[in-house]
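# Observations on the model geometry
Chain by chain, the residues run as shown.
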Amino acid sequence: MLQVDFCGKGGYVDCMGYDISLTRAPIEPIKRVLAACRAGGFTVMHTREGHRPDLSDLPANKHWRSKQIGAAIGEAGPSGSRLLVRGEPGWEIIEELAPLEGEVVIDKPGKGSFCATDLDLMLRCRGIRNIILAGVTTDVCVHTTMREANDRGYECLLLTDCTAATDPANHAAAISMVQKQGGVFGAVADSTALMHALTKVSSSKSSPAAAQPNGLDTASAAASVPARLPASVPASVPARDVTVEVPAQPYAYSLPLRKAALVMIDFQKDFLCEGGFGGALGNDLSHLQACLPPAAKLLAACRAAGIAVVHTMEAHKADLSDLHPAKACRGNLPEELRIGAVGAMGRILIRGEPGNGIVDEVAPIEGEKLLYKPGKGAFYATDLEPWLHSRGISHLLIAGVTTEVCVQTTMREANDRGFECLLVSDATGSYIPAFKAAVLQMVTAQGGIVGWTANADTVAAALSSS
């Protein structure tokens, strides 16, 4: 964040009484790195810390802290610019490092660049896995961003002379922390080492390796080195790099086996078996049970093709600490039919209870991922997204129950996260057949606005042809 508020007279850092010559020190090294990354075709992203003019995105504790140090966010500084407010002169990136047309600018309300922004989505859409970090301050925004990126599976390089802190000791400590435990948060280097590496990359641009996606993150700017997964990522996908064409609606679905996973959603006894939650609500279980043979066939075909398999279960902790009050009361059900109540198959929708388990026809085997989810969607409050990304998975085959609730929610979540999804039409079911039909139509409308559909026989045949 090389913003006027952090590097300029009368800005936020200056108002706090710090020496802005320290935060200005990285400007020249960053200029050189920025020019080299632009010349090399790297993706460049800039971040700006700032809040809405009405301060509606300013947490109370952050506001209070800024007041205590004499630089109240939202109030006018000596230059007349409201401190850390979007649209104010102090909020802008300094002229020496100003973004070029086409470069991404991430506006963030926090210290980290991932919180309450679309940075993660934009990086993943570009296939970027390696990030070079520069900017200020090392110990606050840069370090927070690096930690967030590390937890999301990115490989990070911090440029020591392209970062700075208001306290040199904090700058040194932040750099040291990165290197502990064999590089617990990534790696560090100076700009000279990076420039030397970029020169070598430039000289080998004609090689296939040099054609991989690149991207620079200065906690005001973002570049990554050629993307590659670290050697430690487990191989849970086929070694063969084969793509099969699945005849589907609204048009053929290209399925790269190495990048594919099957998501089996909520094939639980509570929903499919007599004595379970679904039956207790008076639903016709036969509509769901009809999807089990196709689902079993699909599962067998995916296992034979070496496709990664995920099994989800809608489930809550025994103390119900992950159960929202709104969900607990939904449906205005009698107490004996609410989540956590004791039914014929144990406590309803509680982890480890008999009814919460998966039916035998599609039971998980060793090595397949089991995912407990407290919501309808499989991405909410789970590790599904980082798990998929860590394995390079971009395509999902989806089956499960019920079509209009958990299956559709998961597919829409996946679609918004950039996954290519195919719903296996006869391997999913609803207690209300009309709802299932409506979902299948919604998925494929407008040229496949949410994804594709095909039946289990078609998918199995395409997989066997590989």
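Residues numbered from 1 in each chain as written. Predicted model: local features only at pLDDT ≥ 70, side-chain atom pairs only at ≥ 80, totals over all residues. Heavy atoms only, no water.

### A few points about the overall build of the chain
Threshold: What counts as a helix is a DSSP run of H or I of at least four residues, what counts as a strand is a run of E of at least two, and both are numbered from the N terminus. Exposure is judged per residue with a 1.4 Å probe applied to protein chains only, and the accessible area is read against the type maximum: over 50% gives exposed, under 20% gives buried, and values in between give partly exposed. Surface accessibility in these figures is a Shrake-Rupley result with a 1.4 Å probe; residues are shielded only by whichever protein chains are displayed. Think of it this way: Lys and Arg go in the positive column, Asp and Glu in the negative one, and His and the chain ends go nowhere. The location of each charge is read from NZ of Lys, CZ of Arg, CG of Asp or CD of Glu.
Along the backbone of the chain there are 18 helices and 17 strands. With respect to the three principal axes, the spread of C-alpha positions in the chain is 75 × 55 × 45 Å. Each of the 466 residues in the chain was classed as buried or not, and the buried ones make up 50%. When the accessible area of the chain is evaluated, it comes to approximately 20,000 Å², of which 54% is carbon and sulfur surface. Charged side chains in the chain number 42 positive and 49 negative. The centres of these two groups are separated by 3 Å.

### Focus: the domain arrangement of the chain
The condition that has to hold: Note that domain bounds follow an automatic or database assignment of domains. Contacts are assigned to residue pairs with any non-hydrogen atoms lying within 4.5 Å of each other. Accessible surface is computed with a 1.4 Å probe, and the buried area is the amount of it that two parts give up when combined, taken over both parts together. Salt bridges are defined as contacts in which a side-chain nitrogen from Lys or Arg sits within 4 Å of a carboxyl oxygen from Asp or Glu. Polar contact criterion, stated in full: a pair of N or O atoms within 3.5 Å, where within protein one must be able to donate a hydrogen and the other to accept it, and residues adjacent in sequence count only if both atoms are side-chain atoms.
According to the domain assignment, the chain consists of domain 1 (4–199) and domain 2 (243–465). Here the C-alpha centre of domain 2 lies 40 Å away from the C-alpha centre of domain 1. Contacts between the two partners involve four residues from domain 1, matched on the other side by five residues from domain 2. Across the domain 1 to domain 2 interface the summed buried area is about 310 Å²; carbon plus sulfur atoms make up 57%. It is Leu121, Arg124 and Arg129 that lose the most area in domain 1 upon contact with domain 2, and together they represent 81% of the buried surface on that side. At the boundary of domain 1 and domain 2, one finds zero salt bridges. Our enumeration of links across domain 1 and domain 2 arrives at one residue pair in polar contact (both at pLDDT 80 or more).

### With respect to the UniProt feature "domain: Isochorismatase-like" (unreviewed entry) in the chain
Definition in use: UniProt positions are given in the numbering used here, feature names are shortened, and annotations may be inferred rather than shown by experiment.
UniProt feature "domain: Isochorismatase-like" (unreviewed entry): in the numbering of this structure it lies at residues 3–186 and 260–450. Here residues 3–186 is 39% helix and 15% strand, with 25 Å between the C-alpha atoms at its ends. Along residues 260–450 one finds 36% helix and 20% strand; the C-alpha atoms at either end are 17 Å apart.

### What to know about the environment of glycine 10
With respect to the helices, strands and loops of the structure, glycine 10 is situated in the loop between helix 1 (4–7) and helix 2 (12–15). Glycine 10 sits in the buried class, given a relative accessible area of 7%. Separated by 66 residues in sequence, glycine 10 and alanine 76 place their C-alpha atoms 9.5 Å apart.

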